[in-house]
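Architecture at a glance
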Amino acid sequence: MADSIKITFPKDGILVYPALQRPDTKFDPLGAYKADVKISREAAKPYMSKIQERAKAHVGKPLKASENSVWKAEVDDEGNETGNLIFSIRVKNRVGKDGKTWDRRPLLIDAKKKPVDVNPWGGTVARVQAEIYEWEFGGKKGISLQPVVVQILDLVTGKGREPELDDFDEEDGFADEGVDTDDFDDESDGSDDSGSDDEAGDY
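Residues numbered from 1 in each chain as written. Predicted model: local features only at pLDDT ≥ 70, side-chain atom pairs only at ≥ 80, totals over all residues. Heavy atoms only, no water.

**Focus on the pairing of strand β6 (residues 71–75)**
Strand direction decides the pairing type here: β6 and strand β7 (residues 81–87), joined by 4 bridges, are antiparallel. Note that in β7 the partner of A73 across the bridge is L85. Taking the residues between adjacent antiparallel strands as the criterion, β6 and β7 are bridged by 5 residues, where G79 takes a positive phi near 85°. (Pairing = 2+ DSSP bridges. Helix = DSSP H or I, 4+ residues; strand = E, 2+ residues; numbered from the N terminus.)

**Re the sheet that holds strand β8 (residues 90–92)**
Spatially, β3-β4-β8 is the arrangement adopted by the 3 strands of the open sheet, whose pairing is antiparallel. In this open sheet, the two strands that pair with only one neighbour each are β3 (19–24) and β8. Geometrically, the sheet is characterised by an average inter-axis angle of 25° between neighbouring strands, direction not taken into account. In the sheet, β3 pairs with strand β4 (residues 32–34) via 2 bridges, with the strands oriented antiparallel. Considered in β4, the bridge of D24 is made with A32. (Axes fitted to C-alpha atoms, helices over the stretch in contact; angles between N-to-C directions.)

**Focus: the nonpolar core**
Within the largest apolar cluster, 28 residues are counted, with the highest numbers of intra-cluster contacts made by F9, I51, F87, I89 and L145. At the level of elements, β5 (37–40), α1 (41–58), β7, β12 (125–137) and β13 (140–154) are the ones that each hand at least two residues to this core. The leading source of residues in this core is α1, at 5 residues. Apart from residues no more than four positions distant in its own chain, F9 is found in contact with V37, I39, Y47, F87, I89, R127, V128, A130 and L145. (Core = buried A, V, L, I, M, F, W, Y, C linked by side-chain atoms within 4.5 Å. Buried < 20%, exposed > 50% of the residue type's maximum accessible area, 1.4 Å probe, protein only. Contact = heavy atoms within 4.5 Å.)

**Topic: the confidence of the model for the chain**
One rule of thumb: low pLDDT means the predicted coordinates there are not for detailed reading. Residue-level pLDDT values for the chain average 85, and 79% of them are 70 or greater. The low-confidence segment residues 186–203, where pLDDT is below 50, has 29 contacts with residues more than four positions distant or belonging to other chains. (pLDDT = per-residue confidence, 0-100.)

**Notes on the environment of D36**
Along the chain, D36 turns up in the loop between β4 and β5. Judged by relative accessible area, which is 6%, D36 ranks as buried. In the structure, D36 is positioned 34 residues away from V70 in sequence and 9.8 Å away in space, judged by C-alpha atoms. What D36 contacts, discounting residues up to four positions off in sequence, is I14, L15, V16, I86, F87, S88, I89 and R90. Among the polar contacts made by the side chain of D36, one reaches the main-chain amide nitrogen of I89 at a distance of 3.0 Å. (Polar contact = N/O pair within 3.5 Å; in protein donor to acceptor, adjacent residues only side chain to side chain.)

**Considerations on the packing of aromatic side chains**
Counting across every chain of the model gives 3 aromatic pairs. Measuring from ring centre to ring centre gives 5.0 Å for F9 and Y47, while their planes differ by 35°; the resulting arrangement is tilted. Linking F9 in the loop between β1 (5–8) and β2 (13–15) with Y47 in helix α1, this pair joins segments that are 38 residues apart in sequence. Y47 shares its class with F9; the two are buried. A connected cluster of aromatic rings, assembled from ring pairs, spans F9, Y47, W71 and F87. The ring of W102 has R104 lying over it, and the distance from NZ or CZ to the ring centre is 4.4 Å. (Phe/Tyr/Trp six-rings, centres within 6.5 Å; stacked < 30°, edge-to-face > 60°. Lys NZ or Arg CZ within 6 Å of the ring centre and 35° of its normal.)

And the structure:
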């Protein structure tokens, strides 16, 4: 296998159904991290060229549209192409030689390059760095992209969404009368130390 080659996508990329705080276990019990990113077709040209260059060296030919799982055209609800491409950037967890799960979560950093523990939802603006992974299995060869670093530039999460209560009326029944807190001292310094966001992403 050739030396590791990384590509860093533009800073205006849009995450599509990401799984970055916790792995997605829908199709794999060990889970997979996902940093699929959407950029314009025009901006994508140099990245496609670099990937095809590696495909020619590893597979022996460029990726054909019918067998290309690295990127796809985005389409709207009517099935029309939008002019954007979505790059599939994913990595599966594995079991190490010691029998323990190898957590392959990519590094998440903020705009100032500091590590963060957040749960980005689809629509988050991010710059994604990916490794071009050259694989061979069952006599077949291929190319995939694996996330290495994701820089969050405009975070979208599930917090802050107001619940829709229009379909509810006030009813007779349980009503919270409040909790007696006289026996507790207020030791809060006003900061939010709730830790990481445990709400699930939109995938």
